[in-house]
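Here's the letter readout for the chains.
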Amino acid sequence: MLLHGCKPGFEEALARELAGMGHLATKRGRGWLLSTGAPAAETALVEDIGADLCFATFTAAAPAWLEASSVNALTGALRDWFAAAFRTVRVGDAGWPAVFLAAPEIEGLGGRVRVFRDAWLAGMAPRMGRVFRLVRTEDVAPMTPGTGLLAYFTEFNQLHTATRFRGWGQRRMRDDPQAPSRSYLKIEEAFLIMGREPGQGETVTDLGAAPGGWSYAAAQRGAQVTAVDNGPLKAGAANHPLIEHLKTDAFKHRPEGEHGCDWLLCDMIEDPRRVLGEILLPWLDHGWCRRFVVNFKVGHGDPVALVERLRDPRHGLAARCATLRLRQLHHDREEITAMGERRLGPPF
Ligand SMILES: C[S@@+](CC[C@H](N)C(=O)[O-])C[C@H]1O[C@@H](n2cnc3c(N)ncnc32)[C@H](O)[C@@H]1O
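Residues numbered from 1 in each chain as written. Predicted model: local features only at pLDDT ≥ 70, side-chain atom pairs only at ≥ 80, totals over all residues. Heavy atoms only, no water.

A. Here's a closer look at the environment of Glu270. Note on placement: Glu270 falls in the loop between strand S13 (261–266) and helix H7 (272–285). Apart from residues lying up to four places away in sequence, Glu270 is in contact with Phe251, Val275 and Lys297. (Helix = DSSP H or I, 4+ residues; strand = E, 2+ residues; numbered from the N terminus. Contact = heavy atoms within 4.5 Å.)

B. Representation of the sheet that holds strand S16 (residues 335–342). With mixed pairing, the 7 strands of this open sheet are ordered in space as S12-S11-S10-S13-S14-S16-S15. Here the strands that pair on one side only, and so sit at the sheet edges, are strand S12 (243–246) and strand S15 (321–327). In this sheet, neighbouring strand axes are inclined to one another by 15° on average, regardless of whether the strands run parallel or antiparallel. Relative to strand S11 (residues 224–228), strand S10 (residues 203–207) runs parallel, the two sharing 5 bridges. Each residue of the ladder has a partner; that of Val204, found in S11, is Val225. Running over the sheet, H7 touches S10, S13, strand S14 (289–297), S15 and S16 and is turned about 180° from S14. (Pairing = 2+ DSSP bridges. Axes fitted to C-alpha atoms, helices over the stretch in contact; angles between N-to-C directions.)

C. Quick look at the packing of aromatic side chains. Considering all chains together, one arrives at 12 aromatic pairs under this definition. Consider the rings of Phe100 and Phe116, whose centres lie 6.3 Å apart with planes at 50°: the pair is tilted. Of this pair, Phe100 sits in strand S6 (residues 96–102) while Phe116 sits in helix H4 (residues 109–128), and the two are 16 residues apart along the sequence. Aromatic ring contacts, followed pair by pair, group Phe82, Phe86, Trp96, Phe100, Phe116, Trp120 and Phe153 into a single cluster. When the ring centre of Trp65 is taken as origin, the NZ or CZ atom of Lys27, which lies over that ring, is 5.6 Å away. Taking NZ or CZ as reference, Arg166 lies 4.1 Å from the ring centre of Trp168, over its face. (Phe/Tyr/Trp six-rings, centres within 6.5 Å; stacked < 30°, edge-to-face > 60°. Lys NZ or Arg CZ within 6 Å of the ring centre and 35° of its normal.)

D. Representation of the pattern of salt bridges in the model. All chains considered together, the criterion is met by 26 salt bridges. Glu188 serves as the salt-bridge partner of Arg221, at 2.8 Å between the closest nitrogen and oxygen. Pair noted here: Arg221 is in the loop between helix H6 (213–219) and S11 and Glu188 is in helix H5 (residues 183–194), with a separation of 33 residues, a long-range link. The class of Glu188 is buried, set by a relative accessible area of 12%. Across the pair Glu278 and Arg274 runs a salt bridge, and its minimum N-O distance is 3.1 Å. Of the two residues, Glu278 and Arg274 both sit in helix H7, 4 residues apart, roughly one turn of that helix. (Salt bridge = Lys/Arg side-chain N within 4 Å of Asp/Glu carboxyl O. Buried < 20%, exposed > 50% of the residue type's maximum accessible area, 1.4 Å probe, protein only.)

Here you go:
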């Protein structure tokens, strides 16, 4: 059995995404669900660094369910459960994560979970000795699959817990007062998930750039940015020495030079099929970009159908990519974000 977290309201989307991979959702609540699948498929989803889930925020193996009549009793139950589960685990010098999460939209639960966490940690210190000193409390499950403690509270006196888990990378990002838009947070989150970002001297084309959050994020890293949009650039993106603003149609824009650019960024309120078929695929086919971050607006469409389309070998995005990650970012609303790197070799 696996436990997954997701954005509230996207439990059904996650259940359908998992069903397409052979996992059956067996139980769900606001912001989480349980699934079962073939053992090898479950292991792959938790352990395989190349695995990809769009609508999950974390996935944990073999979760246990603890419930108690009081917070004190629950703290004690989690200490006993964890001490038994962790007895045979070998901890490396990098330590182990302790992640305490609250189900969304339950008033006061987040604050209570932090109090619970501190009480739990204080009680574990004398029981664990040296190993306890290697604990790292984290706000989200780390992206690298690992062993530690994950406690996901569904109520004040109920939680799911597991010792083997991974995060899918989404997290709340810190805003920059000079950033011209909230969209800035999305591109910062995307760079973090990719583990890559535009560097000094790299070239970036930003389609649908205004007011300039994505362009600003790339230019602040020293990249040379071409920002394509009829609208004005604002705040830190306006008159930035590394941003050239072109007031043209993004669908018609072509990068200069035969080698194209290093990064394609695209965040337009447009039909996702047009963005895929008229921008992303041609840019990859012609070798006009090496890496990309493209946001797709789902709007009233079906987000799972869009994910399936992006992954469908017949439409060719996956075949064109050496790496492809689809995520509903923390800062995405009715959107998903595709991040990837073009497969090198002859264009299609
Ligand atoms: C969501 S905003 C982009 C926000 C931007 N990523 C940021 O961080 O500030 C979408 C932008 O796409 C632009 N856009 C939509 N269709 C376009 C097109 N065909 N050509 C150029 N820009 C377009 C709009 O003018 C709008 O400024």
